[in-house]
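For reference, the chains in residue letters:
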Amino acid sequence: MSQLAGKLGIVFGVANKRSIAWAIAQAWHKAGARLAFTYQGERLKDNVEELAGTFGADTLILPCDVTKDEDIASVFKLVGEKFGKLHLLLHSVAFAPKDALEGRFVNTSREAFRVSHDISAYSLVALARAAEPLMTEGGSIVAMSYYGAEKVVPHYNVMGVAKAALEASTRYLAYDLGPKKIRVNCISAGPVNTLAARGISGFSEMLKHYEAHAPLKRNVVPEELGATGTFLASDGAAAITGQVLYVDCGYQIMGM
Ligand SMILES: NC(=O)c1ccc[n+]([C@@H]2O[C@H](COP(=O)([O-])OP(=O)(O)OC[C@H]3O[C@@H](n4cnc5c(N)ncnc54)[C@H](O)[C@@H]3O)[C@@H](O)[C@H]2O)c1
C-alpha cells in the first residue's frame, strides 16, 4: 500500500542529490505523495529542476530564501493555487557562516548568531505559520536536527545552539498546531556527507567517530532518513508530535 497516497507536500532544502531533503523527497514520492519543491537561489535552480523534474514535468519548483517573508508568502500562495491544500512540509534548511563553525564558540559574532538562528530555526516557525491555513485536513511537518543541540560537539558551535532553538520551536509549534491535527517533529540525524556537512570543520573525523562508537558501528544512510521521514508523515505516526527522533545508529544513547 502507498502510505502517502493522496498527500500533498512541500520540500524545503534540496541543494543537490546528496541533500537529506532529496532522500526524504524521494521516499515521500515513492510512498505516493505529490510534491512541490523550493530552491534557495538561482545558483541551485538547475540542480533542483533536474532532480525534482524527474517527478513529472508539471512539478511545482519555486525560489525561496527563507530569510525573506515575501518569498515565503509567494511560495504558499502559489502552492495554494496549485494544490488547494497541503499535508506535508519538510524543513531541511540550515546555515551558519563558515568561520562560526570552527574555532571557539565564545567568539561567535552577533551577526553569525543572528543569521544562523534566522535561517536554521526561525524559518521553521515562519514556514509552519504559512502552511497552517493550507493544512485543513491536518498535516505533518518534519524538520532536521542534530545531536549538537543537546551536547557539545566541537566545531558545531552556533549551529548546535540554533538546533536547540529548532527543537524547542518544534515543541511549541506542536502545541499550537495540535488542535488542527498538524503534527511537528524533528529527525535528529547522524552525520551524512552533504554540502552543509562539509562546511563543518573536522567533519570526516565525525563520520569515523560515529562508526567506531555508535552501537550499530556504522553511519546512517540517506535512505534510512527517507524511511523515517515517511513514517513521520504517515498515519502510523498519528499520535507522535513535538518529538525528536534519533536516526543515528544509536549514538545518542552513549555516555562514553
Ligand atoms: N548532513 C548532516 O550530517 C546532518 C546531520 C543532522 C542534521 N542535518 C540537517 O539536515 C538539514 C539539511 O542539510 P544537508 O546536510 O542535507 O545539507 P544541504 O547543504 O544539502 O542542505 C541544506 C539546505 O539549506 C538550504 N538553505 C541554506 N540557507 C537557506 C536560505 N536562506 N533559504 C533557503 N534555503 C536555505 C540550502 O540551499 C540547502 O538546500 C539541515 O537542517 C542540517 O542541519 C544534517
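Above this text sits the structure in question.
Residues numbered from 1 in each chain as written. Predicted model: local features only at pLDDT ≥ 70, side-chain atom pairs only at ≥ 80, totals over all residues.

Undergrad: For the overall build of the protein, give the residues involved together with the corresponding values.
TA: Looking only at helices and strands, the protein features seven helices and seven strands. Ordered by position in the sequence, the α and β elements of the protein form the string β-α-β-α-β-α-β-α-β-α-β-α-α-β. Dimensions of the protein, computed from the C-alpha atoms along their principal axes, are close to 50 × 40 × 35 Å. In the protein, which comprises 256 residues, the share counted as buried stands at 45%. Taking as baseline every contact in the protein between residues at least 6 positions apart, the subset at least 24 positions apart corresponds to 76%. (Helix = DSSP H or I, 4+ residues; strand = E, 2+ residues; numbered from the N terminus. Buried ≥ 20, exposed ≤ 12 C-beta atoms within 10 Å, placed from the backbone. Contact = placed C-beta atoms within 7 Å.)

Undergrad: Would you mind going over helix H3 (residues 69-83) in detail, with residue names and values included?
TA: Compared with the 21 Å implied by 1.5 Å per residue over 15 residues, the 21 Å span of H3 between its first and last C-alpha is a close match. If you check which residues of H3 are buried, you get Ile72, Val75, Phe76 and Val79. Relative to the axis of H3, the buried residues are bounded by an arc of 90° and lie together on one face. Set apart from the buried face of H3 by more than 90 degrees, the exposed residues are Glu70, Lys77 and Glu81. Structurally, H3 contributes buried residues whose contacts are with strand S1 (8-12), strand S2 (34-39), strand S3 (61-63) and helix H4 (110-131). Gly84 occupies a position one or two residues after H3 and carries a positive phi of about 80°. (Expected span 1.5 Å × (residues − 1). Arc of directions from axis to C-beta.)

Undergrad: Break down the environment of Ser169 for me, citing the residues and quoting the values.
TA: Following the sequence through the fold, Ser169 ends up in helix H5 (residues 157-177). By the C-beta count within 10 Å, which is 20 here, Ser169 ends up buried. Those residues within four positions of Ser169 in sequence are excluded, and the remaining contacts are Ala121, Leu124 and Val125.

Undergrad: So what's going on with the packing of H4 against H5? Residues and values would help.
TA: With their axes 9 Å apart at the nearest point, H4 and H5 run at an angle of 20° to one another. With respect to H5, the axis of H4 lies roughly parallel. In the packing of H4 onto H5, the handedness of the crossing is right-handed. Contact residues: Ala112, Phe113, Ser116, His117, Ser120, Ala121, Leu124, Val125 and Ala128 in H4; Val158, Met159, Ala162, Lys163, Ala165, Leu166, Ser169, Leu173 and Leu177 in H5. Of the residues contributing to the contact of H4 with H5, the split by class is 13 nonpolar, four polar and one charged. (Axes fitted to C-alpha atoms, helices over the stretch in contact; angles between N-to-C directions. Parallel < 35°, antiparallel > 145°, perpendicular 65-115°, else oblique. Left-handed = near helix turned anticlockwise from the far one by under 90°. Nonpolar A, V, L, I, M, F, W, Y, C, P; charged D, E, K, R; others polar.)

Undergrad: How would you summarise the sheet that holds S1 if you had to cite specific residues and measurements?
TA: Across the sheet, seven strands lie side by side as S3-S2-S1-S4-S5-S6-S7; this open sheet has parallel pairing. Because the sheet does not close on itself, it has two edges, and the strands there are S3 and strand S7 (244-247). Neighbour to neighbour, the strand axes of the sheet diverge by 20° on average, direction disregarded. Sheet topology places strand S6 (residues 182-189) next to S7; four bridges connect them, and they run parallel. (Pairing = 2+ DSSP bridges.)

Undergrad: Explain the site of the ligand residue by residue, including any values.
TA: If you check the shell around the ligand, you find 27 residues, and the closest are Ala15, Ser19, Met144, Thr194 and Ala196. Contributing elements (two or more residues each) for the shell around the ligand: helix H1 (20-30) and strand S5 (139-145). Here the residues of the shell around the ligand sort into 19 nonpolar, seven polar and one charged. (Near = placed C-beta within 6 Å.)

Undergrad: Give me the lowdown on the packing of H3 against H4, citing residues and values where you can.
TA: Interaxial distance between H3 and H4 falls to 10 Å at its minimum, and their mutual angle equals 30°. As for how H3 packs across H4, the hand of that crossing is right-handed. Together, Ile72, Ala73 and Phe76 of H3 and Ala126, Leu127, Ala130 and Ala131 of H4 make up the contact between the two elements. Along the lines of polarity and charge, the residues of the contact of H3 with H4 split into seven nonpolar, no polar and no charged.

Undergrad: Can you tell me about the nonpolar core, naming the residues and giving the values?
TA: In this structure, Val11, Val14, Ile24, Trp28 and Ala131 are the most contacted members of the largest nonpolar core, which totals 76 residues. Counting residues per element, this core draws most heavily on H1, at eight residues. Sequence-distant contacts of Val14, defined by excluding residues within four places in its chain, comprise Ser19, Ala21, Trp22, Ala25, Phe37, Tyr39, Val48, Leu51 and Ala52. (Core = buried A, V, L, I, M, F, W, Y, C linked by C-beta atoms within 7 Å.)

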